[in-house]
Amino acid sequence: MADTKKEQERDELHRAIWAIADDLRGSVDGWDFKSYILGFMFYRYISENLTNKINKDEWDAGDTGFDYSKLSDEDAEVARDDMVQTKGFFILPSELFCNVRIRAKSDENLNMTLEAVFNHIEESAKGSESEDDFAGLFDDIDVNSNKLGATVAKRNDKLVKLLDGIGEMKLGDFQENTIDAFGDAYEYLMGMYASNAGKSGGEYYTPQEVSELLTNLAVAGKTEINKVYDPACGSGSLLLKAAKILGKDNVRQGFFGQEINLTTYNLCRINMFLHDIPFDKFDIANEDTLVSPQHWDDEPFEAIVSNPPYSIKWEGDDNPILINDPRFSPAGVLAPKSKADMAFIMHSLSWLATNGTAAIVCFPGIMYRGGAEKKIRQYLIDNNFVDTIIQLPSNLFFGTSIATCIMVLKKSKSENKTLFIDATNECVKVTNNNKLTDDNIQKIVDTFVAKEEKVEYFSRLVPNSEIADQDYNLSVSTYVEPEDTREKIDIKVLNAEIKEIVAREQVLRDEIDKIIAEIEGE
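Reading the values: the criteria
- Residues numbered from 1 in each chain as written.
- Predicted model: local features only at pLDDT ≥ 70, side-chain atom pairs only at ≥ 80, totals over all residues.
- Heavy atoms only, no water.
- Pairing = 2+ DSSP bridges.
- Helix = DSSP H or I, 4+ residues; strand = E, 2+ residues; numbered from the N terminus.
- Contact = heavy atoms within 4.5 Å.
- Axes fitted to C-alpha atoms, helices over the stretch in contact; angles between N-to-C directions.
- Parallel < 35°, antiparallel > 145°, perpendicular 65-115°, else oblique.
- Left-handed = near helix turned anticlockwise from the far one by under 90°.
- Patch = residues over 30% accessible without salt bridge, like charges linked within 9 Å, V, L, I, M, F, W, Y side chains within 5 Å.
- Areas by Shrake-Rupley, 256 points an atom, 1.4 Å probe, with all protein chains shown as cover.
- Salt bridge = Lys/Arg side-chain N within 4 Å of Asp/Glu carboxyl O.
- Buried < 20%, exposed > 50% of the residue type's maximum accessible area, 1.4 Å probe, protein only.
- Expected span 1.5 Å × (residues − 1).
- Right-handed = clockwise from strand over helix to strand, strands pointing away.

**Q** Help me out: how do you make sense of the sheet that holds strand 5 (residues 352–362) in this one?
**A** Strand-to-strand pairing in sheets goes through backbone hydrogen bonds, with the strands running parallel or antiparallel. Spatial strand order, 3-2-1-4-5-7-6-8-12-11: 10 strands in an open sheet with mixed pairing. At either end of the open sheet lies a strand with only one pairing partner, and these are strand 3 (282–285) and strand 11 (454–455). Of the strand pairs in this sheet, strand 5 and strand 7 (residues 405–410) are connected by six bridges, and their pairing is antiparallel. From the neighbouring strand, Val361 faces strand 7, where its bridge partner is Ile406. Packing of helix 11 (residues 208–219) onto the sheet brings it into contact with strand 4 (301–306), strand 5, strand 6 (386–391) and strand 7, and relative to strand 5 it is tilted by some 160°.

Structural data, given as structure tokens:
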């Protein structure tokens, strides 16, 4: 019963988000508008989060009628230092979401008010431990943008609608754990925009089911890990799956990621907060991971999950420093300049803990192409770092129909063998896309854990010497025979049937001849 109620609430929430997006779509491209909706959701979230924390402290101390949102700014100042220390930020009562919303319709300078509020929130973290987590967080929410309207009045009209739409959303009560709803709303929005925006959306979004599979592979057999890392973390959905699967307290030292795109980097930090990850439990950086990795001091990681961009260009051997970089030098060769895929794999392997697992979505070409990529595969196989290769169905990702693969890396395997899984058919068709079901995911993970020698047409544990004989080709189809679903024909039976047909044909001819003779005789 509780589940049905939860589903109803979730549907209602999704409808509310869709309505806001629909209402405001006109002037702003969907993918751009995402920043506004998420930004205002974040503003509401941290306002409520702070209010609830202060209220609870006062209620616990006996003042049950206390309400932080009704306090004067002067009286509230006494809480600033404590809140910055525990929450990482501070908001004055007059600048809380609920109070700005109440005044919004009559505030002719609403855009200026909001800009000031956002600046004050960022400034409240300056000089504290949380400064990096809040700096520039609201940069993508341009309340003075022409996209919102040609005049200040029109822009403010849109901002009022945004505040009201987000304010009306039923995101639950503090006591009932609002976090689930905020996080769910975020994920729904990302999925909605990714599917509508085709490639521009897909770059930032790994479908939920693929995230689920990757993370289950990376944490299989563990109830807790030291920390989780994603070198191309996008909006952070893969990192947060580890919190969902293990429980966030079982990711002991937190969530680490790096993202090259500034807008997506801001979304990722917002996503962390919306999933109730405290500022001191995540460290997301904005830089190019391959040439400027930002987490040297935090490696190694026990779980690495990633869906890095496919076949992007990078400096490669144009940069003389990279071949001596300890992440890439062990293979003796760099990934090609036109295809950085293997560089992401070498980077992840380098930062993987001895007892850790890395699960990485890969473009299929890296499994069989020659040249530098083959040399890197040889290094990986000869040193027994590749645990499993999984062939996924096509059409799983927004904006591309490519059938991708997953490479699972481990540093301390018990035997010199690599598992190959052909999961091409492990999916159901939903409109134009394929989707992994819970059963599909479970079957793949169970096979990955069991490491049986052979499951017909599905998986095979292959000695690394055989992979060497196959010229280090890592394509699943080289090792797992697909089931032949064509109709099998028994040639003897077919011949007998043909004989019978010929005989019947002769009988018919004789019959026809008789009839003709009779007609002619008349």
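**Q** Mind showing me how you'd approach the packing of helix 14 (residues 341–350) against helix 15 (residues 371–382) here?
**A** Helix-helix packing: each pair is described by the crossing angle between the helix axes and the interaxial distance. Direction vectors running N to C along helix 14 and helix 15 enclose 25°, while the axes themselves pass 11 Å from each other. Here helix 14 lies roughly parallel to helix 15, going by the angle between them. Once helix 14 is placed against helix 15, the crossing between them reads as left-handed. Residues Met342, Ile345, Met346 and Leu349 of helix 14 lie in contact with helix 15, whose contacting residues are Glu373, Ile376, Arg377, Tyr379 and Leu380.

**Q** I keep staring at a nonpolar patch on the surface and nothing clicks. Help me out?
**A** A surface patch of nonpolar side chains, about 470 Å² in accessible area, is lined by Ile489, Ile491, Leu494, Ile498 and Val502. Mapping Ile498 onto the fold places it in helix 18 (residues 491–521). On the basis of relative accessible area, Ile498 is assigned to the partly exposed category, the value being 43%.

**Q** Before we go on, may I ask you to explain helix 8 (residues 152–168) in this structure?
**A** Since the α-helix advances by 3.6 residues per turn, residues separated by three or four positions end up pointing in the same direction. A rise of 1.5 Å per residue sets the reference length of helix 8, with its 17 residues, at 24 Å; its end C-alpha atoms lie 24 Å apart and thus fit the reference within 8%. The complete set of buried residues in helix 8 reads Arg155, Asn156, Lys158, Leu159, Val160, Leu162, Leu163, Gly165, Ile166 and Gly167.

**Q** Please clarify how the pattern of salt bridges should be interpreted in this entry.
**A** When charged atoms on two side chains of opposite charge get close, those side chains can pair. Per the stated rule, a full pass over the model turns up 24 salt bridges. The shortest N-O distance in the salt bridge between Lys337 and Asp317 comes to 3.0 Å. Remark: Asp317 occurs in the loop between strand 4 and helix 14 and Lys337 occurs in the loop between strand 4 and helix 14; sequence separation between them is 20 residues. Using a relative accessible area of 36% as the deciding quantity, one classes Lys337 as partly exposed. Its salt-bridge partner being Lys451, residue Asp387 comes within 2.9 Å of it at the nearest N-O pair.

**Q** Help me understand the pairing of strand 2 (residues 255–258), please; the structure alone is not making it clear to me.
**A** For a regular strand, side chains alternate in direction, first toward one face of the sheet and then toward the other. With burial as the criterion, each face of strand 2 is covered, one bearing Phe255 and Gly257 and the other bearing Phe256 and Gln258. As paired elements, strand 1 (residues 228–230) and strand 2 share three bridges and run parallel to each other. Bridge pairing links Tyr229 to Phe256 in strand 2. Handedness of the β-α-β unit built from strand 1, helix 12 (residues 237–246) and strand 2 comes out right-handed. In this sheet, strand 3 lies alongside strand 2 in parallel orientation, the contact comprising four bridges. Within strand 3, the position partnered with Phe256 by the bridge is Asp283. Running through helix 13 (residues 262–274), the crossover from strand 2 to the neighbouring parallel element strand 3 is right-handed.

**Q** Got a minute to help me understand the environment of Cys268 in this structure?
**A** Positionally, Cys268 belongs in helix 13. As for Cys268 and Arg369, which are separated by 101 residues in sequence, their C-alpha atoms are 33 Å apart. Not counting residues up to four positions away in its chain, the partners in contact with Cys268 are Cys233, Gly234, Ser235, Gly236 and Ile284.

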